[in-house]
Protein chains: 2
Amino acid sequence: MPQLRLALAQVDPTVGALEGNSDLVVRWARHAAERGAHLVAFPEMVLTGYPVEDLALRRSFVEASRSALEALATRLAAEGLGELAVVVGYLGRDDDAAHAEALGRPKGSPQNCVALLHGGTVVARQAKHHLPNYGVFDEFRHFVQGDRMAIVRVRGVDVALAICEDLWQEGGPVAATRSAGAGLLVVVNGSPYERNKDDVRLDLCRRRATQAGCTLAYVNMVGGQDELVFDGDSLVVSASGDVLGRAPQFAEGCLVVDLDLPAPVPGPAPLRVEADPHPYEVERVVVSAEPVPPYAAEPAGIASRILDEAEVYAALVTGVRDYVAKNGFRTVVLGLSGGIDSALCAAVACDAIGAANVHAVSMPSSYSSEHSRSDAADLAERTGLAFRVVPIAPMVAAFLDQVPLTGLAEENLQARVRGVVLMGLSNQEGHLVLATGNKSEVAVGYSTIYGDAVGGFAPLKDVPKTWVWRLARWRNGVAAERGERPPIPASSIDKPPSAELRPGQLDSDSLPDYAVLDELLDAYVEQDRGSAELVAAGFDRELVERVLRMVDAAEYKRRQYPPGPKVSERNFGRDRRLPITNGWREPVGASRTE
Amino acid sequence: MPQLRLALAQVDPTVGALEGNSDLVVRWARHAAERGAHLVAFPEMVLTGYPVEDLALRRSFVEASRSALEALATRLAAEGLGELAVVVGYLGRDDDAAHAEALGRPKGSPQNCVALLHGGTVVARQAKHHLPNYGVFDEFRHFVQGDRMAIVRVRGVDVALAICEDLWQEGGPVAATRSAGAGLLVVVNGSPYERNKDDVRLDLCRRRATQAGCTLAYVNMVGGQDELVFDGDSLVVSASGDVLGRAPQFAEGCLVVDLDLPAPVPGPAPLRVEADPHPYEVERVVVSAEPVPPYAAEPAGIASRILDEAEVYAALVTGVRDYVAKNGFRTVVLGLSGGIDSALCAAVACDAIGAANVHAVSMPSSYSSEHSRSDAADLAERTGLAFRVVPIAPMVAAFLDQVPLTGLAEENLQARVRGVVLMGLSNQEGHLVLATGNKSEVAVGYSTIYGDAVGGFAPLKDVPKTWVWRLARWRNGVAAERGERPPIPASSIDKPPSAELRPGQLDSDSLPDYAVLDELLDAYVEQDRGSAELVAAGFDRELVERVLRMVDAAEYKRRQYPPGPKVSERNFGRDRRLPITNGWREPVGASRTE
């Protein structure tokens, strides 16, 4: 059996940065070569970053991506890496007029492609077959599907290629890989993190490896791109489903695995193979027919999975770190209320970009409790972030002098004055503003638009309140284990939540207990259950009615809320897209039909 | 030749309001019956409103739509309208497990459907064949395509059905209509307004009528839904392309046209017909085989097209009126600076909901010119809107006392103080806030986030600055023609634009001449041209580089900008969807490759 040393480079590209991403590929290709790899694979569309959204529709960008691919092949060879087979994703185009037209698209339409580079040239190209157009994905909008397979013989092994969603479907490339008798299936991915997805992913890879009848290598990107966070978790499984190697989550790096792979069956290789739902044309390319001389294989690492809390926290840190850096910021500013949301936000920010780059402002009003001030100061002291106090009473008074506001209008005024202060500091000092709201608040609209909702990025936007506490406790526990001082004051975790916008105000005045609320929100927002189902599942009828109304009525606020990292199955924004103008009210109770 | 009196009801449904939309259908069906119609057609998905976005994915809503359809059929008969054939769009589901599975979707997946109701029952159903997934449309995300035709014999005429995008494709339902030998093709539409679309639409209808080989009836909705405005423009063309009737734009109403239509060819009608790209199964239903006894036909109205300026202005008025009403508001509030943007906004708002419901606030700062105050007051006096003055100097001073801000940070502070005042009045008095920015500003980011960008709706979001002037002059001209006082002070139109955030500031300090800017923005934003093309087209290289950077860098502001009515080929929001984190910079000049 031929041997092959395979490297999976789970790297962190930046959308649009063709030059920087090319550098990244060269750097990690060199690393792979230095570790003796024969084949290195990079993630889906690594050259352009992913997802590029409507950049895919701009012809100048498509052409720049195609040129960058050619230039990359040349450069790899020029830098002495021509012998390494390099698999990279890029943005290509469909030049087969008949194919494009059959799909109702013009010749030259963009495609989500993968290429194999070797010896200074692009030796094979293949376009994604299955285009996801659900959840956070809009690939029917952007791409034309491919319907041909490229199989490249590398060191005497037939290597088949597939792209992300191609793996999630049984038909198509997976089936064609088996029919074509390939010895290795390399799948390049841009698969966003969400809770519990790693388990699903491993099971899927095992099943597909068995169906493809060969070893399967899965390489995924890491890093943040607007609302999405990629968690890496690259892995290799054998045809019988054994895990041969697995990379850690959320860390840029290179997984190297020594493989024993079947030699191609002797005789002419088929150029057209059966596959469900239709046959595929196969382009066969031979890069090197001679197997590698026998060598001593090294054991590959199999990283163990981390706790759910560690995963989510790492996703938040990654999301913040990359949003800040990739958008040209170095520092952030946020309001510190003494409450748990801003405390967790600050801890995440400190872990993402270093406490010295995190600027926090305590903005007490006349309704602020003593503990809200002291807890904020305590957190600042524990973490070492830059801290200042700006009392808002004089500004609030100046407004009330000119415009008489009462009740909710006065409560919101306080939040908005704080927003103006944060934006002022952002403009004056160049910080990115972090909004500190959590998913439960964003869901029911328990936030002030242009007030606490102010920000360029919202780290906790997809984190329910009960998980905010869970993550805070977990983070403090990690610190304790490491012998460090826990960053979050215990009092911020333990006190009853309050917006402190009027005397003695508590969240529980207007909202149900968060444990109940989060369960209900999960069922309505993430599972899309209707009210009849919710009531049948045991939720209180009146509560269902009240909470659903709140969620529906807050859609306009969510449209103007900053982006934040997706960590759940369905986030607000890319995943859940509802109209603002919406007369639909889930019927609750027999007497209401609309 | 059988005669048929056809009514096209171009009505204004509300997304999600199944009960209200059912009432609307009954009301206009009765109107059609009273005018002697034999067949009345309503727009695409009239029962649910359109587009429903991810509501389509909620099972409870799909079931509610299907029940509402059955209830509507029963109710029409109960109210004495059972003899009228009623064509309505609704949200249905694909119960053909084999069909859904072949498309990789579960049984019961949602479909964009049309039904014909008669005699108290749903006599035929058909799902949309061509699902648009470009521009503002996401129908691959929401629906499963249909692949069968329903042909219903009504008063001795075979009536074929199609849904919106089905008309824009030559293959599919149009081709099947011809093969099936139908005498009338009824197309139900939810076709959003954009400039010049009416001309395209008429040409298309003519071409498709010829291709279908029969008279074609096109019914479109009117009204606003978030960013979209539907302009009606329902029409009927003969097989030879003659316009037999055409409804006015932007007005709810019913177009009635008397038609002479071919009787079906004698003999058995085919149940499977050839059509490009594949044959269609045809469900044939006979509602009434007997033609109508001969009657004296009446001439149909052919509304003439209105001016471009009138069209765009009507779209803005419609968008504002419906956003306000459908979201439960009765009044709006906006800042009045004395400049042209807020003046035009105020005029649109007055025309949309009446001057008595429009609250305007002049918020002079220490940098405000005398004319900015007097022009604002002048407009208030001309239109009769509710007007007040709130000087912002004390609030600005209170902030500067606590937080030293200079330069751009101080400029933005003034805009944000104004935003807080408007939001305070909104919360206190219950008004919807209108943001007054135009498309040119939104494009280059010449606005203050959480400042002048504050608002629930932004009437001019898709209107370039040069068009703001054009519309203002046109609106004043209309007033003059009618012998009314022009609403907009001439001085607001004629003075050089300025944000007045520092002494003597003019837009022209930081922006090129708006005529040049708008031309460049049109080429970059609407036509998606790359920088090389722009320079080749004659734009100054340095200007291209500067403006493209501004546009790219303002993406984060646009994500948090309120929705506004789409009137151009490509609006910000639904049409143009770019990443915030985006390292791509259009190459300008030979020395820059990224």
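The preceding data block contains the structure.
Small disclaimer: the values here were computed from a predicted structure and weren't measured.

(A) Representation of the state of the cysteines within the structure. Residues and elements named next belong to chain A. Taken as a whole, this structure holds 0 disulfides over all chains when the rule is applied. There is no disulfide at C214, and the cysteine sulfur nearest it, in C205, is 12 Å away. Residue classification places C214 among the buried positions, given a relative accessible area of 3%.

(B) Structural context of the nonpolar core. Counting 72 residues, the largest nonpolar core has L344, L385 and I488 of chain B as its most contacted members. With 11 residues, helix α9 (residues 340-353) of chain B is the single largest residue contributor to this core. Dropping the residues within four chain positions of it, L344 of chain B is found in contact with Y313, L460, V468, L471, A472 and I488 of chain B. Within the second largest apolar cluster, 71 residues are counted, among which are L316, V332, A355 and F539 of chain A.

(C) Spotlight on the relation of the copies chain B and chain A. Superposing chain B onto chain A takes a rotation of 180 degrees combined with a translation of 0.0 Å along the rotation axis, leaving an RMSD of 0.0 Å. In short, the pair behaves as if placed about a two-fold rotation axis. Proximity to the rotation axis, assessed at the C-alpha, singles out Q560 of chain B in chain B; its C-alpha lies 2.1 Å from the axis. A share of 100% of the interface residues of chain B reappears at the interface of chain A, consistent with the copies meeting face to face through the same patch.

(D) Here's a closer look at the interface of chain B and chain A. Taken together, the contacts link 80 residues of chain B with 80 residues of chain A. Regarding the contact of chain B and chain A, the summed buried area is about 6,600 Å², with carbon and sulfur atoms giving 55% of it. The largest share of the area that chain B buries against chain A comes from R58, R141 and T581 of chain B, three residues that together contribute 12% of it. Where chain B meets chain A, there are 6 salt bridges. Residue E53 of chain A is joined to R559 of chain B by a salt bridge in which the shortest nitrogen-to-oxygen separation is 3.9 Å. In this assembly, chain B and chain A are joined by 37 residue pairs in polar contact (both at pLDDT 80 or more).

(E) Main features of the pattern of salt bridges. This structure, assessed with the given rule, holds 106 salt bridges over all chains. In this structure, the salt-bridge partner of R574 of chain B is E53 of chain B, at a minimum N-O distance of 3.3 Å. Pair noted here: R574 of chain B is in the segment after α20 (555-559) and E53 of chain B is in the loop between β2 (39-41) and α2 (59-78), with a separation of 521 residues, a long-range link. Within the structure, one salt-bridge network assembled from shared partners comprises E53, D138, R574 and R577 of chain A together with E555, R558, R559 and R576 of chain B.

(F) Main features of the side chain of D158 of chain A. Residue and element names in this part refer to chain A. With respect to the helices and strands, the residue D158 is situated in strand β7 (residues 157-163). There is a polar contact of 3.5 Å between the side chain of D158 and the side chain of R284. If we ignore the near neighbours within four places in the chain, the residues touching D158 are I151, V152, R153, A182, G183, L184, P264 and R284.

(G) The sheet that holds strand β1 (residues 3-10) of chain B, seen in detail. All names here are of chain B. Judged by pairing direction, the sheet is mixed, and its 6 strands sit side by side in the order β5-β4-β3-β2-β1-β14 without closing on themselves. Both edges of this open sheet fall to β5 (121-127) and β14 (253-260), since each of them pairs with a single strand only. Across this sheet, the average inter-strand angle for adjacent strands is 30 degrees, counted without regard to direction. Both β1 and β2 contribute to a ladder of 3 bridges, which runs parallel. Paired with L6 across the strands is L39, a residue of β2. Taken strand by strand, helix α1 (residues 18-34) contacts β1, β2, β3 (85-94) and β14, and its axis lies near 45 degrees from that of β14. Against the sheet, α2 touches β3, β4 (109-118) and β5, its axis set at about 155 degrees to β3.

(H) Main features of the environment of Y514 of chain A. Residues and elements named next belong to chain A. Among the secondary structure elements, Y514 is positioned in helix α17 (residues 514-526). Using a relative accessible area of 5% as the deciding quantity, one classes Y514 as buried. Excluding residues that lie within four positions of it along the chain, Y514 makes contacts with S440, K465, T466, W469, P497 and D507. Polar contacts involving the side chain of Y514 include one to the side chain of D507, which spans 2.6 Å.

(I) Focus on the packing of aromatic side chains. Residue and element names in this part refer to chain A. Enumeration according to the criterion identifies 17 aromatic pairs over all chains in this entry. Ring geometry for Y323 versus F457: centroids 4.4 Å apart, planes at 20 degrees, classification stacked. One end of the pair, Y323, is in helix α8 (residues 308-326); the other, F457, is in the loop between α13 (439-444) and α14 (465-481), and 134 residues separate them in sequence. Each member of the pair, Y323 as well as F457, is classed as buried. The lysine or arginine in question, R558, covers the ring of F572, its NZ or CZ lying 4.6 Å from the ring centre.

Calculation criteria
- Residues numbered from 1 in each chain as written.
- Chains lettered and ligands numbered in written order.
- Predicted model: local features only at pLDDT ≥ 70, side-chain atom pairs only at ≥ 80, totals over all residues.
- Heavy atoms only, no water.
- Disulfide = S-S within 2.5 Å.
- Buried < 20%, exposed > 50% of the residue type's maximum accessible area, 1.4 Å probe, protein only.
- Core = buried A, V, L, I, M, F, W, Y, C linked by side-chain atoms within 4.5 Å.
- Helix = DSSP H or I, 4+ residues; strand = E, 2+ residues; numbered from the N terminus.
- Contact = heavy atoms within 4.5 Å.
- Least-squares fit on C-alpha atoms with pLDDT ≥ 70 in both.
- Buried area = accessible area lost by both parts, 1.4 Å probe.
- Salt bridge = Lys/Arg side-chain N within 4 Å of Asp/Glu carboxyl O.
- Polar contact = N/O pair within 3.5 Å; in protein donor to acceptor, adjacent residues only side chain to side chain.
- Pairing = 2+ DSSP bridges.
- Axes fitted to C-alpha atoms, helices over the stretch in contact; angles between N-to-C directions.
- Phe/Tyr/Trp six-rings, centres within 6.5 Å; stacked < 30°, edge-to-face > 60°.
- Lys NZ or Arg CZ within 6 Å of the ring centre and 35° of its normal.

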